[in-house]
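Architecture at a glance
In case you want the letters, here they are:
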Amino acid sequence: MYAEIVFPLPFRNSFTYSIPAELLHCASVGVRAVAPFGKRTLTGFIIKLKDKCDIKEKIKPIEDILDDTPIFDEERLKFYIWISDYYLSSLGEALRLAVPYGLDVESKRKIIVDKIITAKLLSEKETKSQQQRQILEAIKDKEKIAFSTLQKLTGKKNIHSTVRTLENKGVLTVLTTLEEAKVKIKTAKFVQLTKSFSEVYDLIPEIESRSPQQVKILLELTRKKNTSISLANLLKKTEASSSSVESLEKRGVLKVFDKEVERRYEEEYKEMQTDFSITAKQKLAVDEVSKYLNPFTFKPYLLHGVTGSGKTQVYIELIKKILAAGKSALVLVPEISLTPQMIARLFNNFGELVTVQHSRMSLGERYDAWRRILNGKSKVVVGARSALFAPLKDIGIIVVDEEHDASYKQWEIVPKYHARDAAILLAKYSGCPVILGSATPSIESMYNALNQKYTLLELPERIDDAKLPKIELVNIIAEKKKGRMQNVFSTTLLDKIEDRIAKKEGTIILQNRRGFSTQIYCDDCGEIETCQNCSVPMVYHINKNYLQCHYCGLTIDVPKACTHCGSLSIKYFGTGTERVEDELEYYLPGAKIKRIDSDSVSKKNSLSILLRGFGRGDVDILVGTQMVSKGLDFSRVTLVGVISAETSLWMPDFRADERTFQLLTQVAGRSGRSKVEGEVVIQTQNEKNFTLKKVLAGDYRGFYEKEIRDRQQMGYPPFTRLCLIETKDPVEERSRGAIFDYFNELKAYSKYLKITPPSTALIARLKGNYRFQILSSVYTTLFN
């Protein structure tokens, strides 16, 4: 038998291996196999089995198979093939998404350095190649170094022949070792009685005087009634020593054995379960989707419900039906900020059937959650975009909550998929309905709904007789002229915050920038302190007193003088969440204020603890970035303030107006989710802006109609498909040369494509790489 295997590497070929007789019983499509690949050993995925092979060269055998249960079947494989084709990656790179990080078995090359010979060779005057000198300089102070690290330090991948030459000279030794998976099943010692209760009770008088600790152990185990207890817990409860357990084990009274311990992510945030009776509109939505649950049929829906209209309850009612039919459900949320409340509500309804998947979990928790899903113990999976690739079987419904959110797009690694779009295809391959839910649907999704590609479901009113909040635009330029601005706050906003504190009501303040000051510049030479790796300003963080680049993570000490001209006239410009928090503490000294951004909630469960305190009334004001605009549902919030409406409005992006409308409408929707009417104060420099007017009126349809006309006129999605082609390299000329070479290749297709000339990217240098780009587009009618 032979297996076709793909590896998570950037080429499309599959490779044929023979299957040794001892592995035949566990070889199947969908399992991971360890196999030799060139001089390395890698983990790949079996995508096909065959009993004949036409290859004449010697075929290498598989070394091991890692899975007992297939991670994907033939049907799910079609989904991964679509991912790789549509998002321009290899099938192996797409299948890598199906496995949590840390499970690969692969060989690693390590270099052991002889520092004496290295120093001697560097000091000699004999002619050395440039690459030899580079390598010697890189390793001279090291005892050992990974081969891949040396490649990065030299900036070249092809260093093999030079390394071999230096190895022959005794400078270094190359070792190849097989590295095991970083995460494994966790086990612990457990204890259980091996004798009957009567035998144990007969034994107690004999040992009572000699070893009271052993008696405590036996009494504790009899209370467990034939169930095992972890050794650590037993010793802690009885205050006994491990030697007492060993003595009882030798007498054959009990046994000590290894048992798997499941690492389960526990949310600190909890909610009381509430019995809801769904509204007539909610029932209509549930009934409409239910038509495609018997039999299960692919059907895409767009659920457009205003903030607070009960979209989550619609999801829960449908999941109840799915579980009753013996199927499973997948719920996607855009970010970690949405998960605590969503998880609490799903756990309240479905208990242990729910499994969470997101980036804040430890490697062990992620691995155990993945295995729980793979083994069919979990029927409801909730998580961010990566949860889309959970090995969930028999999917009966897929929910994409806040479908408009930009964080569903993966920008960092290949394949650069969009989880919302991929979820629709997964539902198609699974033969089940998919619901895209939002109070502010993306323009593309609403266009698809109005053109009958999706079915539109609407929830136009809030539940529990709650009213949409009253929104007020405050022109900060006019307020400054009247002397009604206190630094970044208008007097109007400060007065309303003070009123809410007096009434013990909650307030949320949005400022979509982290840090204290977003720029530091010199008043004399006009230069801005920028990152040495990226062409962006460094951000001042007052709490840790350093400057940080929010793109590459570089931190430096705050300069005492201008690094360009030496002047002491340094100014701090721009407003981040830390400054907003600081000023609120100054103007409202008695207020209890907490900040929510990626700096303040980086620790595990810190967000859950913070939200729990806010829900109880321990916190008066939440200050945060866009994290506070998504999914938070607290009835005590009656005021939302936006420090600057223009933060995203002026971005050079055709979606800037849409993103701003969505952000402001979403954050406004956090206010007034009870019978107490909410208020929203949005500070702006131009209250006549069309987007802000539509936010003020709560007019999504009016905003959509103008936006769709503009996009049709300018040739933007959904009327065209856009492709951004980017080159990047540490050497500027290489990056520029590559983009112009690519542009010349693309010219052959200019009959079909609209192609912009090469230009520098908006952030011209990022993480040490110079970036250039081409934007090409094709009308969807031609594309289809």
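Quick summary incoming for the structure in this document. (Residues numbered from 1 in each chain as written. Predicted model: local features only at pLDDT ≥ 70, side-chain atom pairs only at ≥ 80, totals over all residues. Heavy atoms only, no water.)

**Digging into the overall build of the protein**
To keep it simple, the criterion reads: We count a stretch as a helix when DSSP gives it H or I for four or more residues in a row; a strand needs E for two or more, and each element gets its number in order from the N terminus. The size measure is the radius of gyration over C-alpha atoms, and the globule rule it meets is 2.2 Å times the number of residues to the 0.38 power. Relative accessible area decides the class of each residue, using a 1.4 Å probe on protein chains only: under 20% of the type maximum gives buried, over 50% gives exposed, and in between gives partly exposed. In what follows, a contact means two residues having at least one pair of non-hydrogen atoms within 4.5 Å.
On a plain count of helices and strands, the protein comes out with 25 helices and 35 strands. Since a compact globule built from 784 residues should have a radius of gyration of about 28 Å, the 31 Å found for the protein is in line with a globular shape. Across its three principal directions, the C-alpha atoms of the protein cover 85 × 85 × 60 Å. Classification of the 784 residues of the protein by burial places 51% in the buried group. Contacts spanning at least 24 positions in sequence make up 74% of the contacts within the protein whose residues lie at least 6 apart.

**Some remarks on the nonpolar core**
Filter applied, for reference: For our purposes a nonpolar core is just a set of buried Ala, Val, Leu, Ile, Met, Phe, Trp, Tyr and Cys residues, chained together by side-chain atoms within 4.5 Å.
Ranked by internal contacts, the top residues of the largest apolar core, which has 88 residues, are L388 and I398. Residue contributions to this core peak at seven residues, all from helix α15 (residues 419–430). Other than its neighbours up to four places away in sequence, I398 contacts L330, A423, L426, A427, C432, P433, V434 and I435. Among the nonpolar cores identified, the runner-up in size contains 32 residues, and Y265, V286, V314 and V399 belong to it.

**Quick notes on the side chain of S735**
Applied cut-off: Here a polar contact is recorded for every N or O atom pair within 3.5 Å, except that within protein the pair must consist of a potential hydrogen donor and a potential acceptor, and residues adjacent in sequence are included only if both atoms are side-chain atoms.
The residue S735 is located in helix α24 (residues 732–746) in this model. According to the relative accessible area criterion, S735 is buried, its value standing at 1%. At a separation of 2.9 Å, a polar atom in the side chain of S735 contacts the main-chain carbonyl oxygen of Y770. With sequence-adjacent residues up to four places away left out, S735 is seen in contact with T727, K728, D729, Y770, R771 and F772.

**Re the packing of helix α4 (residues 130–139) against helix α6 (residues 160–168)**
The criterion, for reference: In this analysis an axis means a line fitted to C-alpha atoms, helices contributing only their contacting stretch, and an angle means the value between N-to-C directions, from 0 to 180 degrees. Working definition: roughly parallel below 35 degrees, roughly antiparallel above 145 degrees, roughly perpendicular at 65 to 115 degrees, and oblique for all remaining angles. Put simply, a crossing is left-handed when the front helix is turned counterclockwise from the back one by less than a right angle, and right-handed when it is turned clockwise. Polarity classes work like this: nonpolar for Ala, Val, Leu, Ile, Met, Phe, Trp, Tyr, Cys and Pro, charged for Asp, Glu, Lys and Arg, and polar for all others, with Gly in that last group.
In the contact formed by α4 and α6, the axes pass within 10 Å of each other and the chain directions differ by 70°. Considered as vectors, α4 and α6 are oriented roughly perpendicular to each other. By crossing handedness, the relation of α4 to α6 is classed as right-handed. On α6, the residues that touch Q131, Q132, I135 and L136 of α4 are T162, V163, T165 and L166. Of the residues assigned to the contact of α4 with α6, the class counts are four nonpolar, four polar and no charged.

**Description of the pattern of salt bridges**
Cut-off, in case you're wondering: Salt bridges, as used here, are contacts in which a Lys or Arg side-chain nitrogen is within 4 Å of a carboxyl oxygen on Asp or Glu.
Evaluated as defined, the whole model comprises 43 salt bridges. Of the charged contacts, one joins E220 and R223 as a salt bridge, the two residues approaching to 2.7 Å between their closest N and O atoms. Of this pair, E220 and R223 both sit in helix α8 (residues 212–223), three residues apart, which is roughly one turn of that helix. Classification of E220 as buried rests on a relative accessible area of 8%. Residues joined in a network through salt bridges with shared partners are K496, D499, R500, K503, E505 and E679.

**Comments concerning the pairing of strand β34 (residues 759–766)**
We apply this condition: We treat two strands as partners when DSSP finds at least two bridges between them.
Here four bridges tie β34 to strand β35 (residues 769–779), and the two strands are oriented antiparallel to one another. Of the residues in β35, the one forming a bridge with L766 is N769. Joining the antiparallel neighbours β34 and β35 is a turn of two residues, in which K767 adopts a positive phi near 55°.

**Some details on α15**
The following threshold applies: Multiply 1.5 Å by the residue count of a helix minus one, and that product is the helix's expected span.
The terminal C-alpha atoms of α15 lie 16 Å apart, and with 12 residues this matches the ideal 16 Å at 1.5 Å per residue to within 8%. Turning to α15, its buried residues number three or more, namely A419, R420, A422, A423, I424, L425, L426 and A427. Next to the buried residues of α15 lie α1 (74–86), β13 (328–332), β16 (395–401), β17 (433–438) and α16 (443–450). Count one or two residues on from α15 and you reach G431, which has phi positive near 65°.

**Remarks on the packing of aromatic side chains**
Going by this rule: The pairing test for Phe, Tyr and Trp rings, Trp by its six-membered ring, is centres within 6.5 Å, and the orientation test on the planes gives stacked under 30 degrees, edge-to-face over 60, and tilted for anything in between. Whether a charge sits over a ring depends on NZ of Lys or CZ of Arg being within 6 Å of the ring centre and within 35 degrees of the ring normal.
Overall, the coordinates contain 27 aromatic pairs when judged by the stated rule. Considering the side-chain rings of F389 and Y417, the 5.0 Å spacing of their centres and the 85° angle between planes classify their relative orientation as edge-to-face. Here Y417 lies in the loop between β16 and α15 and F389 lies in the loop between β15 (380–383) and β16, a separation of 28 residues in the sequence. Judged by its relative accessible area of 2%, F389 is buried. Grouping aromatic residues by their ring pairs yields a cluster made of F45, F72, F79, Y80, F389 and Y417. Cation over ring: K255 sits above F257, and NZ or CZ is 5.5 Å from the ring centre. Sitting above the plane of the F614 ring, R636 keeps its charged end 5.1 Å from the centroid.

**Describing the sheet that holds strand β28 (residues 593–596)**
Spatial ordering of the open sheet is given by β19-β31-β30-β22-β29-β28, a layout of six strands whose pairing is parallel. The two strands at the open ends of the sheet, each matched to only one other strand, are β19 (470–475) and β28. Recorded for the sheet is a direction-independent mean angle of 20° between the axes of neighbouring strands. Bridge count between β19 and strand β31 (residues 679–684): six bridges; the pairing is parallel. The partner of K470 across the bridge, within β31, is E679.

**Some thoughts on a nonpolar patch on the surface**
Basically, it comes down to this: Only residues whose relative accessible area exceeds 30% and that form no salt bridge are eligible for patches; like-charged ones are grouped when within 9 Å, while nonpolar side chains (Val, Leu, Ile, Met, Phe, Trp, Tyr) are grouped when within 5 Å. Throughout, the Shrake-Rupley method with a 1.4 Å probe supplies accessible areas, and for residues the shown protein chains are the sole cover considered.
Among the surface-exposed residues, M1, L24 and L49 lie close enough to one another that they form a single nonpolar patch of about 240 Å² accessible area. Mapped onto the elements, L49 comes out in strand β4 (residues 40–50). Taking relative accessible area as the criterion, L49 reaches 30% and is therefore assigned partly exposed.

**Quick look at the environment of S107**
For S107, the location among the structural elements is in strand β6 (residues 106–113). Accessibility expressed as a relative area gives 9% for S107, which makes it buried. As a C-alpha pair, S107 and T41 span 66 residues in sequence and 5.0 Å in three-dimensional space. The residues contacting S107, other than those within four sequence positions of it, are K39, R40, T41, T176, T177, L178 and E179.

**Side note on the pairing of strand β12 (residues 299–305)**
Every regular strand shows the same layout, with side chains that alternate between the two sheet faces. Along β12, six of the seven residues are buried, which leaves the element largely enclosed by surrounding structure. Note that β12 and β17 share six bridges and pair parallel. If you follow L303 over to β17, its bridge partner there is G437.

**What to know about the side chain of K496**
Relative to the assigned elements, K496 resides in helix α18 (residues 491–502). Exposure remark for K496: the relative accessible area of 19% places this residue in the buried category. Leave out the neighbours within four places in its chain, and K496 touches E472, L639, E679 and V681.

**Some words on the packing of helix α21 (residues 656–668) against helix α22 (residues 690–697)**
α22 packs onto α21 with a crossing angle of 30° between their chain directions and a minimal axis gap of 10 Å. With respect to α22, the element α21 is oriented roughly parallel. Crossing of α21 against α22: the hand is right-handed. Across the interface between the two elements, D657, T660, F661, L664 and T665 of α21 pack against T691, L692, K694 and V695 of α22. When grouped by side-chain class, the residues that make up the contact of α21 with α22 number four nonpolar, three polar and two charged.

**Side note on the sheet that holds β4**
In space, the five strands of this open sheet follow the order β2-β1-β4-β3-β5, with antiparallel pairing throughout. At either end of the open sheet lies a strand with only one pairing partner, and these are β2 (15–18) and β5 (64–65). In the sheet, strand β1 (residues 2–6) pairs with β4 via five bridges, with the strands oriented antiparallel. Its bridge partner being in β4, I5 is matched across the sheet by I46.

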